[in-house]
Amino acid sequence: MYRLFSIFLVGIISAKLSFEYMAMPQFPVQYLAFGALGILLIELVVGSMKIKSRIQSLSFYLCFFALGFYSFQRSVPEALAVEKEESPRLFKVEEILKQKEDAVQLALRFSDGNDSLDRLADKLFWTHLRIDSCSIAPQEGQLIWLRSKISKLPENSNPGAFDFGAYLLQKGYAGQIFLKEGAWGIFEAEAPKAKLITRWRKYLLAQIESWHWKEEHEAVFKALTLGYKNELSQELKADFAAAGAMHLLAVSGLHVGIVYLLLSYLLVALGYFKELQMLRSLLLIGGIWLFALISGASPSVLRSATMFSIMAAVQNLERPGTSFRALFLSAFVLLIFNAAWLFDLGFQLSYSALLGILIWQAKIEALFESRFKPLIWLNKLLSVSIAAQIGTLPLSLYYFHQFPTYFWLSNIVMIPLVTVLMYAGFVLLILGQAENLPILYELLEKLLSLLIYFNEKIADLPLALLSDIPFNGKQAVMLGAIIVALSIFLLHKRKIALYGALLMLPFFGAYQLGRRYLRIESAHIQVYDEASFVASLRLGERFYVYASDSSKYDYYKQYLWRDHMLVEGLDPVDMQFFDESNEKDCLINPLD
């Protein structure tokens, strides 16, 4: 199973590489499938069992490679070129991505059947609408007309910067639309009736708002229970990130796991009867998916719901490796549905954390043994936190360039609070209005205050967040390889894996030293792809920056120069602004 899954992943990665570098988005992958069928036919006429076994293995590998390749092709649309025509077209509001008082971001699907070349049929587009006092924001499901050209997705050429165009393409968007004032309008005044789940979610959000909590309490509770994060302030997000608890605010595997445990306890009586075990599994799966839909059905929630559904279906097998099989089977099902998720950060973090827990948690827990129940519980929680951090470490350093040093403390303190908050919150949401259950209402308010208080205190501890850590893709691959080798040693006791990990450690350090030496002996000028002139000059390990528009210095420092320096292996603290005082230093040769 694991070998076939690996071949399937190779197919997806090959499709992505051909899509990006070989201009082969529509590779005739069906020929690979026909080739695999041909190999199977040859197998039927071959007499030798040894040859038949090899042919069968080859055909299976080819089939799974073709399946991975085709799944990626199907998941990622072909990006459109620039459409200069500005005739009015009809679009359906597929999803409201982000909404503020004066603006809204929308996912639009083309719905006008008059497109003669069928270029736009069923394509998804990203747009940003300005809302003034005289206009009404469109609702999901409404038809709106637009009079604007369709632009191709943006291309990023700035080193280390976020590639928004690649992100949109991975999410299924074929283009973007920029609108001038008065270039759009609502075609259908009455929005179609929302789906039952959408109406229920809106009702629950309105019910929470009727409790009249503090803004930050309300925002955190909506994020924890319903996955609604639009009201979270940047300061609150920054505090949770510094405390290593940002995952608590995004409904994902942790929250679905809490729901899974709650339903397991509620349905435990059904497990005692063999005839009712199937019913128990169906109720578990139904409850998990109900929560997934109400909480917004984001990709992270769907991934977790799929995994726990498979776990609920196979939990009665009680065979060795069942958890690993459930994990890989859920990943396979999700990637068949949307292979582009393999390159989604949330997907990578979710599965690397779960793999880390499955491989490392028991070994870490065994390091400390106790018969005292509170210490046993504390040991389990601590070992899960450390194991998940081991699994996600290369990704965290590569994508975020930071490390929360007190992640273990925040998980020990805040996960129990979140668990009680979710259980009590579900009871309050289901049973009725807050005024009918004053004790539960006050308990929730106290717990939310405690959660935010502990989060702020942990975030304020010295060295709570090690930020701006220079770490590139090659270092992430090397660190990941070391962790994989150690994981193989833990699982299978293969000494060669341990020796491999130990041999890779000096290479990891040598790469950093060699990179620094090459950097000291070189210089580089970078002109960035921006509207105004923006450039940087690296002389050895000195990094000078310049922008013709000085009013945007802070923006460029945060989102352009900082990322470039981290990719180069430099500390952004050493950034120097080019002016008359250091002009002479830049003009002389610093490498002499």
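How each quantity is defined
- Residues numbered from 1 in each chain as written.
- Predicted model: local features only at pLDDT ≥ 70, side-chain atom pairs only at ≥ 80, totals over all residues.
- Heavy atoms only, no water.
- Pairing = 2+ DSSP bridges.
- Helix = DSSP H or I, 4+ residues; strand = E, 2+ residues; numbered from the N terminus.
- Axes fitted to C-alpha atoms, helices over the stretch in contact; angles between N-to-C directions.
- Patch = residues over 30% accessible without salt bridge, like charges linked within 9 Å, V, L, I, M, F, W, Y side chains within 5 Å.
- Areas by Shrake-Rupley, 256 points an atom, 1.4 Å probe, with all protein chains shown as cover.
- Salt bridge = Lys/Arg side-chain N within 4 Å of Asp/Glu carboxyl O.
- Buried < 20%, exposed > 50% of the residue type's maximum accessible area, 1.4 Å probe, protein only.
- Phe/Tyr/Trp six-rings, centres within 6.5 Å; stacked < 30°, edge-to-face > 60°.
- Lys NZ or Arg CZ within 6 Å of the ring centre and 35° of its normal.

Remarks on the sheet that holds strand 11 (residues 534-539)
Then comes step 1: Taken in spatial order, the four strands line up as 10-11-12-13 in an open sheet, and their pairing is mixed. Bordering the open sheet on either side are strand 10 (523-527) and strand 13 (575-577), each of which pairs with just one other strand. Across the sheet, the mean angle separating the axes of adjacent strands is 20° when strand polarity is ignored.
Then comes step 2: The pairing of strand 11 with strand 12 (residues 542-547) spans six bridges and is antiparallel.

A closer look at a nonpolar patch on the surface
Then comes step 1: Judged by side-chain polarity, Val268, Tyr272, Phe273, Leu276, Leu279 and Leu283 come together as a nonpolar surface patch covering roughly 580 Å² of accessible area.
Then comes step 2: Note on placement: leucine 279 falls in helix 9 (residues 277-294).
Then comes step 3: Residue leucine 279 is classed as partly exposed on the basis of its relative accessible area, which comes to 40%.

Digging into the packing of aromatic side chains
Then comes step 1: Summed over the entire model, instances satisfying the criterion amount to 30 aromatic pairs.
Then comes step 2: On the basis of an interplanar angle of 45° and a centroid distance of 5.3 Å, the ring pair of tyrosine 555 and tyrosine 559 is categorised as tilted. Residue tyrosine 555 and its partner tyrosine 559 are located together in helix 18 (residues 553-568), separated by four residues, close to a single helical turn.
Then comes step 3: Assessed through its relative accessible area of 47%, tyrosine 555 is described here as partly exposed.
Then comes step 4: Between tyrosine 556 and tryptophan 561 the ring centres are 5.8 Å apart and the planes differ by 55°, which places this aromatic pair in the tilted class.
Then comes step 5: On the basis of relative accessible area, tyrosine 556 is assigned to the buried category, the value being 2%.
Then comes step 6: Residue tryptophan 561 is classed as buried on the basis of its relative accessible area, which comes to 0%.
Then comes step 7: Clustering of aromatic rings is evident, with ring pairs tying together Tyr553, Tyr555, Tyr556, Tyr559, Trp561 and Phe577.
Then comes step 8: A cation over an aromatic ring shows up here: lysine 16 above the ring of phenylalanine 343, its NZ or CZ 4.7 Å from the ring centre.

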